[in-house]
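Structural overview
The residues making up each chain are set out below.
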Amino acid sequence: MKRGNEILVSLITLIRKEIKRYLRIWVQTLVPPAVTMSLYFIIFGSLIGPRIGTMDGLDYIQFMIPGLIMMSVITNSYANVVSSFYSVKFQKSIEELLVSPMPNWAILVGFIMGGVSRGVLIGCIVFGVSLFFYPSFTIVNPLLTISVLFLTAILFSLMGFINAIFADSFDDISIIPTFVLTPLIYLGGVFYSINILPDVWRNISMANPMLYVVNTFREGMLGVSDVSIPFALGMIIFFIIILTSACLLLLHRGVGTRQ
Amino acid sequence: MSQFALEITDLKKTYDSNVVALKGINLSVKEGDFFALLGPNGAGKSSTIGIIASLVTKTAGNVKIFGIDTDENFPEAKRLLGVVSQEINFNNFEKVIDIVTTQAGFYGISLKDSKLKTETTLKRLGLWEKRNDQARTLSGGFKRRLMIAKALIHEPKLLILDEPTAGVDIELRREMWEFLKEINAQGTTIILTTHYLEEAEQLCKNIAIIDYGELVENTSMKDLLSRLDVQGFVLDIDKTLDQPPSIPQFPMSLEDSTTLNVAIKKDQSINHLFEQLSALGINVLSMRNKSNRLEEMFIEMVNKS
């Protein structure tokens, strides 16, 4: 009981530290997504959107909203963990955690919760911004929406953690977001339905994991999707389990953390 | 509970680069001891400390902290251990008070208790006035104190300091010596690595010397120093000389025209030297050790190994 209470206190301490970290630099962490997404809504939603017409039977701006929220959640949850965990490695303040009695799983959960909280907070901010441009927006399936929001933030926080474990320089923490995540997100159905693509590109798109995340979230918010929801949810949960196991194994072996 | 604060058995470490840092160290440190772990750069001191603190993974061997096997119950062992690393290891952009309070939280100390403990610890180390300063604005000496504050926040029974006074001015160094003596007197076992051998001689009761990953000495400071056969002294004299005086029992050399270097064996009387010099019309104005006694011994041992 005493040990359990100690672990809980240490976990809360780490989560509080992680949240304070990104709130302290809110101009760098919270404001940019709101500004960027406002520009997307103005340009693609209000200016170009009416010329596009409808997508899957919905106003284009309405169709875009879930995609843009997911894009923000993915990039911010990933960025939070990769930059925070790499920074503690770089500054050697990871030693503060390693010398303490905190178990590896609590260290992992602490960083992941930091990423999830930022991802979800940004998601809420972007949703708030979207209501300025489309006030009549209503969420079709709140339970699915919230579930996918959290699952996605967890999944990409875990990916950020693994990236940070293997990173040896600040270049290493920007390569994957720039050259892997961003293209996959943009080609993952944020701005369009894959039904408008020729067969060959539609089939290729089906191999993009972002497509499943974005479409499952869109199903929750709007009730439309290009993919099977049970399959997509199953895959998200499957990858969360795989990545969690990988993170714990890497921490246990001391890869990137202990000499 | 074990009478030993630390027991290390056949500890080995080979890094991925195939560098063999430790070749099988055996070492015991008694509870309440003030212990020096010395050795030249790259000897294996930091690897040993890193393994004890779980910052380095061992290749083989066993570590017990107050009888608790780190392979069996590392969290419990860590609770008894405080480590001051050689390099600064806190977030420079955080406030002093936040760094220490957070460290307490990592040890499972509640926020309310950790605030109280932080206040006590920071006051004890003269950091309370700087509690709201960002760590990056602190001087080198205060950063060192902050490292010690972090290591002490959970009141460990064993404190390991890896070169805690490196780069610290002499005044602050002596303040830290007093502080370490005080906490040792209160029952905290201390293991110290340092390049300042005077520091080890002043503070430590027992000593181990490590070189090329092996222990070359493990004994009491008194015993080690008693083995020093010859000590070098520097004498300032009142006469200007062109060549050193010839006294067969005491080999001498001139450092400059009014300064003599002399080697005195352990069984020789210094009074006898003064008498001999006086007979030659030379008076000694002042006298000091040529180098630290431990330093002479250390160099001798490391050269042998």
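What counts, and where the lines are drawn
- Residues numbered from 1 in each chain as written.
- Chains lettered and ligands numbered in written order.
- Predicted model: local features only at pLDDT ≥ 70, side-chain atom pairs only at ≥ 80, totals over all residues.
- Helix = DSSP H or I, 4+ residues; strand = E, 2+ residues; numbered from the N terminus.
- Rg over C-alpha atoms; globule rule 2.2 N^0.38 Å.
- Buried ≥ 20, exposed ≤ 12 C-beta atoms within 10 Å, placed from the backbone.
- Contact = placed C-beta atoms within 7 Å.
- Pairing = 2+ DSSP bridges.
- Axes fitted to C-alpha atoms, helices over the stretch in contact; angles between N-to-C directions.
- Nonpolar A, V, L, I, M, F, W, Y, C, P; charged D, E, K, R; others polar.
- Domains from an automatic or database assignment.
- Expected span 1.5 Å × (residues − 1).
- Parallel < 35°, antiparallel > 145°, perpendicular 65-115°, else oblique.
- Left-handed = near helix turned anticlockwise from the far one by under 90°.

Before going further, it helps to examine the overall build of chain A. When you go through chain A residue by residue, the secondary structure sums to 11 helices and two strands. The N-to-C order of helical and strand elements in chain A reads α-α-α-β-β-α-α-α-α-α-α-α-α. Rg of the C-alpha trace for chain A: 19 Å, near the compact-globule value of 18 Å for 259 residues, within the 12% margin. Projecting the C-alpha coordinates of chain A onto the three principal axes gives extents of approximately 60 × 40 × 35 Å. Counting over 259 residues, chain A shows a buried share of 45%. Looking at chain A alone, contacts between residues at least 24 apart form 81% of all its contacts between residues at least 6 apart.

Here we take up the sheet that holds strand β2 (residues 20–30) of chain B. Residue and element names in this part refer to chain B. Spatially, β2-β1-β4-β5 is the arrangement adopted by the four strands of the open sheet, whose pairing is antiparallel. At either margin of the open sheet sits one strand with a lone partner, and together these are β2 and β5 (68–69). Summarising the sheet, strand β1 (residues 4–14) and β2 pair through eight bridges and their orientation is antiparallel. Among the inter-strand pairings, L6 is bridged to a residue of β2, identified as V29. On the sheet, helix α1 (residues 45–52) packs against β1, β2 and β4 (60–65) and is oriented at approximately 115 degrees with respect to β1.

In this section: the interface of chain B and chain A. Counting residues at the interface gives 25 residues for chain B and 22 residues for chain A. Every element with two or more residues in the side of chain B that touches chain A is listed here: α2 (70–79) and α3 (96–106) of chain B. Looking at which element gives the most residues to the side of chain B that touches chain A, the answer is α3(B), with four residues. A class-by-class count of the residues in the side of chain B that touches chain A yields 10 nonpolar, 12 polar and three charged.

On to the domain arrangement of chain B, then. On domain assignment, one finds that chain B holds domain 1 (4–225) and domain 2 (230–304). Placing the centre of domain 1 of chain B and that of domain 2 of chain B at their C-alpha centroids yields a distance of 38 Å.

Looking now at helix α1 (residues 2–24) of chain A. For α1(A), with 23 residues, the first-to-last C-alpha span of 32 Å sits near the 33 Å given by 1.5 Å per residue. Listed in full, the buried residues belonging to α1(A) are A:E6, A:V9, A:S10, A:L11, A:T13, A:L14, A:K17, A:E18, A:R21 and A:Y22. Packing partners of the buried residues in α1(A) comprise α2 (26–29), α4 (60–90) and α6 (104–133) of chain A together with α3 of chain B.

A few words now on the packing of helix α10 (residues 209–222) of chain A against helix α11 (residues 229–253) of chain A. Residue and element names in this part refer to chain A. At their nearest, the axes of α10 and α11 sit 10 Å apart, and the two run at 125 degrees to each other. On the basis of their axis angle, the class for α10 and α11 is oblique. Of the two elements, α10 crosses α11, and the hand of that crossing is left-handed. Contacts from Y212, V213, N215, T216 and E219 in α10 reach I229, A232, L233, M235 and I236 in α11.

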